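# Structure at a glance
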Amino acid sequence: MLAIACAGVLAACGNGKSAEQDFSHADIGHVANVKSSFGPDFKVTNVGPTGIDPRLLTRQPLPPGMTFEPADCAKIATQQVVPQGVKGNMAATTAEGEGNRFIAIAIETSEVVPASDPAKNCQKVGFTGPGLRGLVEVVDAPQIAGVHTIGTHRVLQTTVEGKPRTGELYNYIASFGTFLVIVTANPLVVPGQPVAPINTQRARDLLTAAVKAVKG
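No experiment lies behind these values; they were computed from the predicted model shown. (Residues numbered from 1 in each chain as written. Predicted model: local features only at pLDDT ≥ 70, side-chain atom pairs only at ≥ 80, totals over all residues. Heavy atoms only, no water.)

### A look at the nonpolar core
Formed by 32 residues in total, the largest nonpolar core has its most connected members in Tyr172, Phe176 and Val181. For this core, the elements supplying multiple residues, two or more each, are strand S4 (88-97), strand S5 (100-109), strand S9 (163-176), strand S10 (179-187) and helix H4 (200-215). For this core, the element with the highest residue contribution is H4, accounting for 6 residues. (Core = buried A, V, L, I, M, F, W, Y, C linked by side-chain atoms within 4.5 Å. Buried < 20%, exposed > 50% of the residue type's maximum accessible area, 1.4 Å probe, protein only. Helix = DSSP H or I, 4+ residues; strand = E, 2+ residues; numbered from the N terminus.)

Here it is in structure tokens:
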């Protein structure tokens, strides 16, 4: 489940900057505290803390031959949040309910992962290729004091057995010191039921709550 959600994690525009702060009391395991924000209609599970599994945080590869518009904005659609070679630990809480899946992931890295903001002309990037098209656009992220926050919305459209299929994912990322908190939100696909809209307000609130829990 984590692999599915994290595959679409993308860098985007950010707000807030992490000044010199004391994170000696920060604990990624405290991301499990966000469980209390979900009611009985949600199925909530916790994972970790454990070592970072690079397979869970590797960007979703796009097939060769993709065309990007604007052409110089391919980075926003392909960049991964944790660069290769960076080591550390992670913990996560997953909640499924009301037609949505939310995953809050807390990561402590061996070194600071610099925040990366796209250029002004890369706030919305479309891409097309053989049997696939989509877009990545910058979305509002919560303002958190002393924390750099970023947000993106990704849509993928393809065809499966002659029928169109659309996938949608929101990512909200907060970075402070050697810590990252990532919240992903996507709709659950339930046979015979319409796809529910993504509750982006809950996702933003979850990012704020997860950062507060991790910082201690």
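Once you've had a look at it, read on.
### Topic: the packing of aromatic side chains
Under the defined criterion, the tally for this structure stands at 6 aromatic pairs. Considering the side-chain rings of Phe38 and Phe102, the 6.2 Å spacing of their centres and the 35° angle between planes classify their relative orientation as tilted. One end of the pair, Phe38, is in the loop between strand S1 (14-15) and strand S2 (43-51); the other, Phe102, is in strand S5, and 64 residues separate them in sequence. Phe102 matches Phe38 in its accessibility class, with the two residues each being buried. Their ring planes at 50° and their centres at 6.1 Å tell us that Phe68 and Phe127 sit as a pair that is tilted. (Phe/Tyr/Trp six-rings, centres within 6.5 Å; stacked < 30°, edge-to-face > 60°.)

### Concerning the pairing of S9
The side chains of a regular strand alternate between both faces of the sheet. Summarising the sheet, strand S8 (residues 148-160) and S9 pair through 13 bridges and their orientation is antiparallel. From the neighbouring strand, Arg154 faces S9, where its bridge partner is Leu169. From the end of S8 to the start of S9, which pair antiparallel, there are 2 residues, and Glu161 there has a positive phi angle of about 55°. As defined by bridge partners, S9 adjoins S10 across 7 bridges and the pair is classed as antiparallel. Residue pairing for S10: Tyr170 is matched across the bridge by Ala185. The turn joining S9 and S10, which pair antiparallel and follow one another in sequence, is formed by 2 residues; a positive phi near 60° is taken by Gly177. (Pairing = 2+ DSSP bridges.)

### Notes on the pattern of salt bridges
Taken as a whole and judged by the stated rule, the model has 1 salt bridge. The partner of Arg101 in a salt bridge is Glu96, with the nearest N and O atoms 3.0 Å apart. Assessed through its relative accessible area of 11%, Arg101 is described here as buried. A residue is classified by how much of its surface remains accessible, and Glu96, at 22% relative accessible area, is partly exposed. (Salt bridge = Lys/Arg side-chain N within 4 Å of Asp/Glu carboxyl O.)

### Observations concerning H4
End to end, H4 covers 23 Å across 16 residues, agreeing with the expected 22 Å (1.5 Å per residue, within 8%). Listed as buried for H4 are Thr200, Ala203, Leu206, Leu207, Ala210, Val211, Ala213 and Val214. Buried residues in H4, looked at end-on, bunch into an arc of 165°, giving them a common side. Immediately downstream of H4, the backbone of Gly216 shows phi near 75°, a positive value. (Expected span 1.5 Å × (residues − 1). Arc of directions from axis to C-beta.)

### Side note on the pairing of S10
By the criterion of burial, S10 is predominantly enclosed, with 9 of the 9 residues buried. Side chains Phe179, Val181, Val183, Ala185 and Pro187 project from S10 onto one buried face, and the interleaved Leu180, Ile182, Thr184 and Asn186 project onto a second face that is buried too. Where S5 meets S10, 9 bridges bridge the pair, whose relative direction is antiparallel. If you follow Ala104 over to S10, its bridge partner there is Val183.

### As for the confidence of the model for the protein
Taken as a whole, the protein shows an average pLDDT of 84; of its residues, 86% reach a score of 70 or greater. Looking across the protein, the model is least confident in helix H1 (residues 2-6), with a mean pLDDT of 43, and most confident in H4, with 96. Overall, residues 1-14 carries pLDDT values under 50, and its contacts beyond four positions in sequence, including any with other chains, amount to 63 contacts. (pLDDT = per-residue confidence, 0-100. Contact = heavy atoms within 4.5 Å.)

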